[in-house]
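Take a look at the letters that make up each chain.
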Protein chains: 2
Amino acid sequence: MKKPVLFACATLLAALPLSAQEKEKKEFPAPGEIVAAAKTEEWVAIAPSDLLVMELAPLNAKPRRVVIQLMPPPFSQGWIGNIRKLAAAKWWDGTSVNRVQDNYVVQWGDATEKKALPEGLAVVPEGEYSARFALGLIPWQWVSGMRQPPVTVLSSRHGNLYLEAPNVGDPYGYAYSFAGDFPVSLSRTESLNGTERTITLDRIWPVHCYGMVGVGRNLSPDTGSGAELYTVIGHAPRHLDRNIALVGRVIEGIEHLSSLPRGTGALGFYEKEEERVPILSVRMGNDVKDAPAFEYLSTESASFAAYADARANRRDAFFIRPAGGADICNIPVPVRRKAR
Amino acid sequence: MKKPVLFACATLLAALPLSAQEKEKKEFPAPGEIVAAAKTEEWVAIAPSDLLVMELAPLNAKPRRVVIQLMPPPFSQGWIGNIRKLAAAKWWDGTSVNRVQDNYVVQWGDATEKKALPEGLAVVPEGEYSARFALGLIPWQWVSGMRQPPVTVLSSRHGNLYLEAPNVGDPYGYAYSFAGDFPVSLSRTESLNGTERTITLDRIWPVHCYGMVGVGRNLSPDTGSGAELYTVIGHAPRHLDRNIALVGRVIEGIEHLSSLPRGTGALGFYEKEEERVPILSVRMGNDVKDAPAFEYLSTESASFAAYADARANRRDAFFIRPAGGADICNIPVPVRRKAR
């Protein structure tokens, strides 16, 4: 069946004469083709102990499993420690998805707000919304999605990276990059030696891209415990960056959350108890017998750099004009199930 | 009920002591509060003849109506003319929603692809994906969401705007603004007079924000007829800008599309006929008896400028750190039903 669709490279190429098809693929592979061709050693295994597996009540007798990858240090570890305790205590079992706001978030937790929390949860300060920048946190050979960015690396010493550059492409920060497979933004400090303006990367924080998971909170100075979680199901609400804790991202099953009926109450809360979606269980991946294994494409790999370039400069069959740039949330780090 | 939620200003302010509440509101109103306080004369009526009203088959006996506002000249008028003809011919009646791809698009049209198109549809060239910039198309006192942007307006003559500025905030173009209530991006040409670099705004085009409606097509040079339409239900796929025609945006009822079950076929197409969502009718707003009237907040108004500033610099009760910027898709132009 012919499919008149946008972004249809994959299917439409199959309809082209083989020679043209091969030519397109060789010259300008699509991002998905670059990922499919990545070497085995360019993929990084995700530890099951860093996965949070949420089972929603089945829909039409079909199970609904959502898999969340928690962030690595130095990001949000206070809240993530709480989340590990809550999962170990089976605290979410019997809670529910209570809020679905279109083009914004899906939120879950204890709708009654009467359920006692486990002992010993940390109270995490607002300072933890970002971390101190350190070399090795990002693939700093390129920043803001560019392999040769308009960034002059002056030097790197004492774990600092000294740059000379204009803003390199993130309206919500100085520049963007990736920490492992998580999108991050960076701030900088400036110093003047004589006439030479030097920029030092200062703070680094995770950003609110589609599928990122965060911690609901009340008004400042409250930072939330981690018992009330949300995930982004619309355009990246980047104004929330550094205003609320991000702890991970959904790597499988987000459609079970993003396709839920929107709540009709204020902020998209469900108004009737029967609208809420029951959560059967939430467990760490290493406590789930049949949990699949996952891996992500290393953001330090040549294939990822080519993939990011291709996302910012589409030249595969469907496209007539490359954008010449991309915002970080349009360069999702590829994740796949790992063959056992 | 206490609601530990992100972005809960509206409800949580109500729980604060009145004095503090009033103080917050006076000093740093939330974007929604700025819009609610806008003067009647700052709102612009949307002509019913520019609305496309799509009725999906009811769900649980509840009607599902989606209202789309078509773009004004000079944007995409060839395709929009075709869409008016298709609606007049009742061409979409009995077609269906056939594709729902998570974090991407919902697409509708004739799944069989055998239905004959009306006579006299235009074949629109790719050049129409953007328009020539002209003064009056945008509220050019501010660009890229800033009232006093880092833009030096050198002069404006012969309908051109001459600027001196660095890139002002859109990774997918030179700058962004709004045409009526539609998000647009701008390109520029440079000229050098002696040592003075002058930038002239050149082309202007609509961008793929959440809820924007576009025209499915096959490989270039095909540009689509307008019979196959899609809307964005995820993070803005800006790489599609200038690669495919945008014709409007959903102003009411997008939840009827964004919450549909995701398709399990390639590109999110439904694999079984029974999965498709029947379209009962698509009519122009002036042909629908009970169609509500709508109005949008003028992007030339003081209230809109304040709203855009507030979106980029949240200082209302929930926020501890303003972002200092916003991408265009995080500044959706407010639309509301017009009191009759």
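Just so we're clear, the structure is a prediction, and the values are computed from it rather than from any experiment.

In this structure the tally under the stated criterion is five cavities of 30 Å³ or more. Volume-wise, the largest cavity comes out at about 120 Å³. Lining the largest cavity are 16 residues, with Tyr172, His235 and Asp327 of chain A together with His235 and Asp327 of chain B positioned closest to its centre. A breakdown of the residues in the lining of the largest cavity according to their chemical character gives eight nonpolar, two polar and six charged.

With an RMSD of 0.0 Å, the operation that places chain A on chain B is a rotation of 180 degrees combined with a shift of 0.0 Å along the axis. Seen this way, the second copy is the image of the first under a two-fold rotation axis. A share of 100% of the interface residues of chain A reappears at the interface of chain B, consistent with the copies meeting face to face through the same patch.

Take helix H6 (residues 302-312) of chain B next. All names here are of chain B. Burial runs high along H6: eight of the eleven residues are buried. For H6, every residue scored as buried is listed here: Ser303, Phe304, Ala305, Tyr307, Ala308, Ala310, Arg311 and Ala312. Considering only its buried residues, H6 is in contact with helix H3 (31-36), strand S9 (175-179) and strand S16 (294-297).

The subject of this paragraph is the sheet that holds strand S1 (residues 43-46) of chain B. Residues and elements named next belong to chain B. In space, the three strands of this open sheet follow the order S1-S16-S17, with antiparallel pairing throughout. Each edge of the open sheet carries a strand with a single partner, namely S1 and strand S17 (335-337). Each strand axis lies, on average, 35 degrees off the axis of its neighbour in the sheet, ignoring direction. Taken together, the four bridges between S1 and S16 define a ladder with antiparallel strand orientation. In the strand pairing of S16, Ala45 is matched with Glu295.

Turning to the nonpolar core, a few remarks are in order. If you look at the biggest cluster of nonpolar residues, it comprises 91 residues, and the most contacted ones within it are Trp92, Val97, Trp108, Ile204, Leu229 and Leu257 of chain A. In this structure, Leu257 of chain A is in contact with Met54, Leu56, Val66, Val97, Val106, Trp108 and Thr231 of chain A, ignoring residues within four places of it in sequence. Of all hydrophobic cores here, the second largest spans 89 residues; its members include Leu86, Phe178, Ile279 and Ile328 of chain B.

Next up on the list: the interface of chain A and chain B. With 66 residues of chain A at the contact, the number on the chain B side is 66 residues. The contact between chain A and chain B buries some 6,000 Å² in all, and 60% of this surface belongs to carbon and sulfur atoms. At the boundary of chain A and chain B, one finds zero salt bridges. At the junction of chain A and chain B, the tally comes to 21 residue pairs in polar contact (both at pLDDT 80 or more). Those elements that provide at least two residues to the side of chain A that touches chain B are helix H1 (9-15), strand S5 (105-109) and helix H5 (255-258) of chain A.

Moving on: the confidence of the model for chain A. Residues and elements named next belong to chain A. The predicted model of chain A averages 86 in pLDDT, with 82% of residues at 70 or higher. Scored below 50 in pLDDT, residues 1-19 shows 54 contacts in the model against residues more than four places distant or in partner chains. This stretch, residues 146-152, has a pLDDT under 50; its non-local contacts, to residues over four places away or in other chains, come to 21 contacts. What the predictor reports for the complex is a pTM of 0.90 with an ipTM of 0.89.

Read around the closed barrel, the eight strands follow the order S2-S3-S14-S12-S13-S5-S4-S15 (chain A); overall the barrel is antiparallel. Between one strand and the next, the sheet's axes are offset by a mean angle of 35 degrees, whatever the strand orientation.

Another aspect to go through is the state of the cysteines. All names here are of chain A. Inspection of every chain in the model, using the stated rule, returns two disulfides over all chains. Covalent S-S linkage joins Cys209 and Cys329, the inter-sulfur distance amounting to 2.0 Å. Because the sign of the S-S torsion sets the handedness, a value of about -80 degrees for the bond joining Cys209 and Cys329 places this disulfide among the left-handed ones. Of the two residues, Cys209 is situated in the loop between strand S11 (196-206) and strand S12 (212-215) and Cys329 in the loop between helix H6 (302-312) and strand S17 (335-337); the sequence distance between them amounts to 120 residues.

This part covers the layout of surface pockets. If a probe the size of a water molecule is rolled over the atoms, the empty space left behind becomes visible. In this structure, the second largest pocket occupies an estimated 1,500 Å³ of space. Taken together, 48 residues line the second largest pocket, and the ones lying closest to its centre are Gln101, Asp102 and Asn103 of chain A together with Tyr307 and Pro332 of chain B. Every element with two or more residues in the lining of the second largest pocket is listed here: helix H1 (9-13), H3, strand S14 (246-252) and H6 of chain B. The residue inventory of the lining of the second largest pocket, partitioned by class, reads 27 nonpolar, eleven polar and ten charged.

What follows concerns the pattern of salt bridges. Here the structure, examined in full by the defined rule, presents 22 salt bridges over all chains. Sharing partners across several salt bridges, the network here consists of Glu55, Arg65 and Asp290 of chain A.

What counts, and where the lines are drawn
Residues numbered from 1 in each chain as written. Chains lettered and ligands numbered in written order. Predicted model: local features only at pLDDT ≥ 70, side-chain atom pairs only at ≥ 80, totals over all residues. Heavy atoms only, no water. 1 Å grid on protein atoms, 1.4 Å probe; cavity = no way out; pocket = protein on both sides within 12 Å on 5 of 7 lines; lining within 4 Å. Points joined across faces, edges and corners; volume = space filled by probe spheres on them. Nonpolar A, V, L, I, M, F, W, Y, C, P; charged D, E, K, R; others polar. Least-squares fit on C-alpha atoms with pLDDT ≥ 70 in both. Contact = heavy atoms within 4.5 Å. Buried < 20%, exposed > 50% of the residue type's maximum accessible area, 1.4 Å probe, protein only. Helix = DSSP H or I, 4+ residues; strand = E, 2+ residues; numbered from the N terminus. Pairing = 2+ DSSP bridges. Axes fitted to C-alpha atoms, helices over the stretch in contact; angles between N-to-C directions. Core = buried A, V, L, I, M, F, W, Y, C linked by side-chain atoms within 4.5 Å. Buried area = accessible area lost by both parts, 1.4 Å probe. Salt bridge = Lys/Arg side-chain N within 4 Å of Asp/Glu carboxyl O. Polar contact = N/O pair within 3.5 Å; in protein donor to acceptor, adjacent residues only side chain to side chain. pLDDT = per-residue confidence, 0-100. Disulfide = S-S within 2.5 Å.

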